[in-house]
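Survey of secondary and tertiary structure
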2 protein chains.
Amino acid sequence: MKLYDFAGAPNPRRVRIFAAEKGIDLTLVPTDMSKGEHKTPEFLEKHPSGKIPVLETEDGQFIGESVAICRYLEAIQPEPNLFGATPYELGRIEMHNRILELEFWTQIGISWVNGPVVAKIAAGRFKQNPAAREASDRNVHAFYERMNRELADRDYMTDGLADDRFTVADITALSGVDFAKDLVGLPPSEDLAHLWDWHARVSARPSASA
Amino acid sequence: MKLYDFAGAPNPRRVRIFAAEKGIDLTLVPTDMSKGEHKTPEFLEKHPSGKIPVLETEDGQFIGESVAICRYLEAIQPEPNLFGATPYELGRIEMHNRILELEFWTQIGISWVNGPVVAKIAAGRFKQNPAAREASDRNVHAFYERMNRELADRDYMTDGLADDRFTVADITALSGVDFAKDLVGLPPSEDLAHLWDWHARVSARPSASA
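Residue numbers here run from 1 along each chain, matching the order of that chain's written sequence. Chain letters and ligand numbers both follow the written order, the letters beginning at A and the numbers at 1. Under the rules for a predicted model, residues below a pLDDT of 70 receive no local features and side-chain atom pairs below 80 are neither given nor counted, while totals for whole chains, interfaces and linings still include all residues.

A look at the sheet that holds strand β3 (residues 54-56) of chain A
All names here are of chain A. Strand order across the open sheet formed by four strands is β2-β1-β3-β4, with mixed pairing between neighbours. The sheet terminates laterally at β2 (27-30) and β4 (62-64), the two strands that pair on one side only. The average angle at which neighbouring strand axes cross in this sheet is 25°, direction not considered. The sheet contact formed by β3 and β4 spans three bridges and is antiparallel. Paired with Leu55 across the bridge in β4 is Ile63. Two strands qualify as a pair provided that DSSP identifies no fewer than 2 bridges between them. In this description a helix means any DSSP run of H or I spanning at least four residues, a strand means any run of E spanning at least two, and both kinds are numbered starting from the N terminus. Axis definition: a line fitted to C-alpha atoms, limited for helices to the stretch in contact. Angles are taken between N-to-C directions and run from 0 to 180 degrees.

Concerning the packing of helix α4 (residues 87-113) of chain B against helix α7 (residues 168-183) of chain B
Residues and elements named next belong to chain B. At a minimum axis distance of 8 Å, the contact between α4 and α7 shows a crossing angle of 10°. Put simply, α4 runs roughly parallel to α7. Note on packing geometry: the crossing formed by α4 with α7 is left-handed. Within the contact between the two elements, α4 uses Ile93, His96, Asn97, Leu100, Glu101, Phe104, Trp105 and Ile108 and α7 uses Val168, Ala169, Thr172, Ala173, Gly176, Phe179 and Ala180. Looking at the contact of α4 with α7, its residues break down into ten nonpolar, four polar and one charged. To sort the angles, those under 35 degrees are grouped as roughly parallel, those over 145 as roughly antiparallel, those from 65 to 115 as roughly perpendicular, and the leftovers as oblique. It is the rotation of the near helix from the far one that decides the hand of a crossing: anticlockwise by less than a right angle makes it left-handed, clockwise makes it right-handed. Throughout, a residue-residue contact means that the two C-beta atoms, derived from backbone geometry, are no farther apart than 7 Å. Ten residues, namely Ala, Val, Leu, Ile, Met, Phe, Trp, Tyr, Cys and Pro, are considered nonpolar, four, namely Asp, Glu, Lys and Arg, are considered charged, and the remaining ones, Gly among them, are considered polar.

Considering the relation of the copies chain B and chain A
In this comparison the copies share one frame, found by least squares on the C-alpha atoms of residues holding pLDDT of at least 70 in both. Superposing chain B onto chain A takes a rotation of 180° combined with a translation of 0.0 Å along the rotation axis, leaving an RMSD of 0.0 Å. In symmetry terms, the pair is related by a two-fold rotation axis. Considering only C-alpha atoms, the residue of chain B closest to the rotation axis is Ala132 of chain B, which sits at 3.9 Å.

Observations concerning the interface of chain B and chain A
Facing 26 residues of chain B, the contacting portion of chain A comprises 26 residues. Mapped by element, the contributors of at least two residues to the side of chain B that touches chain A are β4 (62-64), α3 (66-76), α4 and α6 (130-150) of chain B. Of the residues assigned to the side of chain B that touches chain A, the class counts are 14 nonpolar, six polar and six charged.

Description of the sheet that holds strand β3 (residues 54-56) of chain B
Within a sheet, adjacent strands bond to each other through the backbone by hydrogen bonds, running parallel or antiparallel. Residue and element names in this part refer to chain B. Read from one edge of the open sheet, four strands run β2-β1-β3-β4, paired in mixed fashion. Strand pairing shows two members of the sheet lacking a second neighbour, β2 (27-30) and β4, which therefore form its edges. Averaged over neighbouring strand pairs, the angle between their axes works out to 25° when direction is ignored. As judged from the three bridges shared by strand β1 (residues 2-5) and β3, these two strands associate in the antiparallel manner. By the bridge assignment for β3, Lys2 is matched with Glu56.

Below you can see the structure in the form of structure tokens.
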């Protein structure tokens, strides 16, 4: 299978980590977003929104959106389980994954598009909104504090499971924290010890460097 | 099972439609967001973000986030299938559902929080951002045009399935369009015939009034 990929972007990284946890080999196809290679008519046939990553299956079908690709991979290779095995686990892991996307990733995204790197890349083509960035920076830091509180009682992101284990929600959280920290200039405060312990734990997994 | 619900809000409506399609009875527990009933310490035990809807399962466990609740319902009662039966369908339906959430619902949300209804409800407690709303209004209309183009070739939201059929993506789309139209003041243009045909088709299903 092929994965249309762009190094440094947080979404394709989620899929690479997920596949590595499953032991699934993906042939990476570098697609240079800085040159607009994801917006060509040919690429829009693969994903009508022109977004990276996109999976090309063995039989030449296309699936876009990171979590949709991960669900496909979970269906073709169920173990190790990352989305949940029982109805309750399926619901609870999805709940945590979505909280991370809706309350954390969205805010990182607002800080990113209104921040200095995008200002340089998109100079003049995109009108930035500094007030929106002020609010999203605050929201990212508030979410770090929440993560830190919640991780005081457990080792991984999803609570309520029979065993405290690594799931897709940890992949979403790790990719978000690293993007915020390394590219958006929003690292967690040094005093958030539970958050940093979790970060060291998941970063030590071989999949983290996929 | 109980569903903590708030009439008029688009997210609990998604779950009510989904359950109605499955023929699953939910006992609705009205939770008045205008009185902050979703932010009490007791409610935060059910969902740490204080959001509606929340499902209480038969054995007293809690699942928040609309799509997470729907996944639980799909797992306990697989038919009629709404998330996909094969790996490809599972990926493709999730892809379309997420495109609708990430590119359409997010924009409706920005227009909503920066619009006149919230200005009145949250007077003084929330600083609105008119520039953000201008952009999101434009994005909502651009997405309507995209939906209209895509629905020229098919009856339902998810393309690429063996049969052209109703899925969770149609529920996400219907709840979004109706919220934008009825409460945010952003109805689709009258000339978007394919979009309106689809809207009439899915609105005629008994589940739409759940």
